[in-house]
There are 2 protein chains.
Amino acid sequence: LTVTAFALPGIPEVRPGDDLAAHLARAAGDELRDGDVLCVAHKVVSKAEGRLRELAAVAPGERARELAAALERDPRHVQVVLDEAVEVLRTERALICRTRHGLVCANAGVDASNAGAPDTVVLLPSDPDGSARALRSRLRTLLGAAPAVAITDSFGRAWRHGQSEVAIGCAGMRPLDDWRGRRDTGGRELKATWIAVADEAAAAADLARGGKDSREPAVVVRGLERHVTADDGPGALALVRPVDEDLFT
Amino acid sequence: LTVTAFALPGIPEVRPGDDLAAHLARAAGDELRDGDVLCVAHKVVSKAEGRLRELAAVAPGERARELAAALERDPRHVQVVLDEAVEVLRTERALICRTRHGLVCANAGVDASNAGAPDTVVLLPSDPDGSARALRSRLRTLLGAAPAVAITDSFGRAWRHGQSEVAIGCAGMRPLDDWRGRRDTGGRELKATWIAVADEAAAAADLARGGKDSREPAVVVRGLERHVTADDGPGALALVRPVDEDLFT
């Protein structure tokens, strides 16, 4: 079993309304196969879907202005974060928010870098699992191959420095490998028995990028055939633990 | 840039006092090179170092008995968790502990599965960064190659289902790739600018294992040469965020 990750070259700057699957298919050529997992940074998905906001058109409310002052941030950016958040969980050192997808992350996933236009921020896709399904379906039409698709973002982690890439949407793969209830060779129930395969694939893909400004949004991860499925599957929603069932907070 | 991960075959059951580096060198043969990252599941490191406890010799105290009753657990196992924990952060659904290494994880890393002997639990290595340095040094002696070494464990994550493999020790690599302060092509500061490379490498390695009972504790991750260093470096301690600086809790 060998797992390989490599970035697709030559994906152009993506603009609202672009046919992202066509960009990906062109970049992939013959390189994309059934059984591959194509990991796509959410930013290009969001851009293609027009999930952008121009800050000039944002009028920050009182709460946004207060939080922006405390955190030394642009109040318009904070207002967009509040607009994207269903719940703000922490405000002390960062804006840790729950999005309407149930994701808990900094700034509700709103990001000002690499937006492609000045004073513009990129939001998360409205429905990342739906985006993954649509990309997978269109890639099948264009290429004849049906790789799994994962849509990824960089998340900070509680009690750890740095970010790691995780899957916020996926189609055509089992996001979790469930070994719960299985026994070790000595008959003891296994500990790490519910493996977040889609998140680990996203992390592996991130390692194959030259760098954060390298315009390599799409990475093929090969060797995960046993996690790839014929149907779209449950999506990355299966990775979301409801806030009131969290083990750590 | 292609990143590849493959498990080393034929590593025997590891016992206290074993020369783990010799096992790894034998399994690697010519397959291990300078510039590789060898990811080793902590369990074999802990076993070689004798970081095991027999539950028959553990007398659970009152707090262990109370927590064990509430969580339906073996009170002796809970006592070992308390012995390994500097601080218990949560007890509602799991025992979320801070270890003396500063790691925050379930059960202070104490694990009953695959211990190699009945009624025995495996602890984390006393000093995982030191273990990584020692393995790297001895591999250099045995093989003439000096790969980076990462020692890994499966951690649950706040607000997400499933576990992902992370680095709890490392030597010979930069655990974090620091892009902070760098700008995107439009001049905006980059968002995901501090990438937990060692954790992403651990995750990639986990994908190359056949399964949790497959006895593949060691995985070579190739293609991360730009993160591999001549010196041992800061270790995975650099990934630990102090509890009072956490962004999420």
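Above this text is the structure in question.
Reference entry: report on the structure contained in this document. (Residues numbered from 1 in each chain as written. Chains lettered and ligands numbered in written order. Predicted model: local features only at pLDDT ≥ 70, side-chain atom pairs only at ≥ 80, totals over all residues. Heavy atoms only, no water.)

## Thoughts on the relation of the copies chain A and chain B
A rotation about an axis combined with a shift along that same axis relates the two copies of the chain. Filter applied, for reference: For the least-squares superposition of copies, only C-alpha atoms count, and only for residues with pLDDT at least 70 in both.
Of the transformation superimposing chain A on chain B, the axial component is 0.0 Å and the angular component is 180°, with the fit at an RMSD of 0.0 Å. Taken together, the rotation angle and the small translation identify this as a two-fold axis.

## Topic: the sheet that holds strand β6 (residues 104-106) of chain B
Residue and element names in this part refer to chain B. Stated precisely, the cut-off is as follows: A pair of strands is labelled paired if DSSP reports no fewer than 2 bridges between them. Elements are defined by DSSP. Helices are runs of H or I of four residues or more, strands are runs of E of two residues or more, and each kind is numbered from the N terminus. Orientation is described by lines fitted to C-alpha atoms, with helices fitted over the stretch in contact, and by angles between N-to-C directions that extend from 0 to 180 degrees.
The strand order β4-β5-β6 describes an open sheet built from three strands, whose pairing is antiparallel. Single-partner strands in this sheet number two, and they are β4 (85-90) and β6. Taken pair by pair, the neighbouring strands of this sheet meet at an average axis angle of 35°, ignoring direction. Here three bridges tie strand β5 (residues 96-99) to β6, and the two strands are oriented antiparallel to one another. Residue pairing in the sheet places Ile-96 in a bridge with Ala-106 of β6.

## Some thoughts on the pattern of salt bridges
All names here are of chain B. Stated formally: In the sections that follow, a salt bridge refers to a side-chain nitrogen of Lys or Arg positioned within 4 Å of a carboxyl oxygen of Asp or Glu. Burial here depends on accessible area, computed with a 1.4 Å probe over protein chains only, as a share of the maximum for the residue type. Under 20% is buried, over 50% is exposed, and the range in between is partly exposed.
Applying the stated criterion across every chain yields a total of 36 salt bridges over all chains. Of the charged contacts, one joins Glu-13 and Lys-47 as a salt bridge, the two residues approaching to 3.0 Å between their closest N and O atoms. On the criterion of sequence distance, the pair formed by Glu-13 in the loop between β1 (2-7) and α1 (20-28) and Lys-47 in helix α2 (residues 42-48) is long-range, its members being 34 residues apart. The exposure class assigned to Lys-47 is buried, which follows from its relative accessible area of 6%.

## Side note on the nonpolar core
Rule in force here: Residue types Ala, Val, Leu, Ile, Met, Phe, Trp, Tyr and Cys, when buried and joined through side-chain atoms within 4.5 Å, form a set referred to as a nonpolar core. For this analysis, residues touch if any pair of their heavy atoms sits within 4.5 Å.
With 56 residues, the main nonpolar core has Val37(A), Val221(A), Val37(B) and Val221(B) as its most contacted residues. Among all residues touching Val221(A), those that are not within four sequence positions of it are Val3(A), Thr4(A), Ala5(A), Asp36(A), Val37(A), Cys39(A), Ala201(A) and Ala205(A).

## Concerning the packing of aromatic side chains
We apply this condition: Between the rings of Phe, Tyr and Trp (Trp by its six-membered ring), a pair exists once the centres lie within 6.5 Å; its type follows the angle of the planes, with under 30 degrees stacked, over 60 edge-to-face, and the other angles tilted. Here, over-ring charges are defined by two tests on the NZ atom of lysine or the CZ atom of arginine: distance to the ring centre within 6 Å, and angle to the ring normal within 35 degrees.
As enumerated under the stated definition, the model contains two aromatic pairs over all chains in all. Its guanidinium or amino end placed over the ring of Trp194(A), Arg180(A) lies 3.8 Å from that ring's centre, counting from NZ or CZ.

## Re the packing of α1(B) against helix α5 (residues 128-143) of chain B
Two numbers describe a pair of packed helices, the interaxial angle and the distance between the axes. All names here are of chain B. Put simply, the rule is: Small angles under 35 degrees read as roughly parallel and large ones over 145 as roughly antiparallel, with 65 to 115 read as roughly perpendicular and the rest as oblique. Crossings are assigned a handedness: left-handed for a near helix turned anticlockwise from the far helix by less than a right angle, right-handed for a clockwise turn. All residues other than Ala, Val, Leu, Ile, Met, Phe, Trp, Tyr, Cys, Pro, Asp, Glu, Lys and Arg, Gly among them, are scored as polar; the first ten of these are nonpolar and the last four charged.
Running from amino to carboxyl end, α1 crosses α5 at an angle of 50°, the nearest separation of the two axes being 9 Å. Between α1 and α5, the angle is such that the two are oblique. α5 is crossed by α1, and the crossing has right-handed handedness. Across from Leu-20, Ala-21, Ala-22, Leu-24 and Ala-25 in α1, the residues of α5 making contact are Leu-135, Arg-138, Leu-139, Leu-142 and Leu-143. When its residues are assigned to classes, the contact of α1 with α5 shows nine nonpolar, no polar and one charged.

## Notes on unusual backbone geometry
Residues and elements named next belong to chain B. Here the phi dihedral of Asn-107 falls at roughly 60°; this positive angle occurs in a residue that is not glycine. Among the secondary structure elements, Asn-107 is positioned in the loop between β6 and β7 (120-122). Judged by its relative accessible area of 17%, Asn-107 falls in the buried class. Despite not being glycine, Ala-108 shows a phi value in the positive range, around 50°. You can see Ala-108 is positioned in the loop between β6 and β7. Accessibility expressed as a relative area gives 2% for Ala-108, which makes it buried.

## Focus on the sheet that holds strand β4 (residues 85-90) of chain A
All names here are of chain A. In space, the three strands of this open sheet follow the order β4-β5-β6, with antiparallel pairing throughout. Each having just a single partner strand, β4 and β6 (104-106) make up the two edges of the open sheet. Ignoring strand direction, the axes of neighbouring strands in this sheet form an average angle of 35°.

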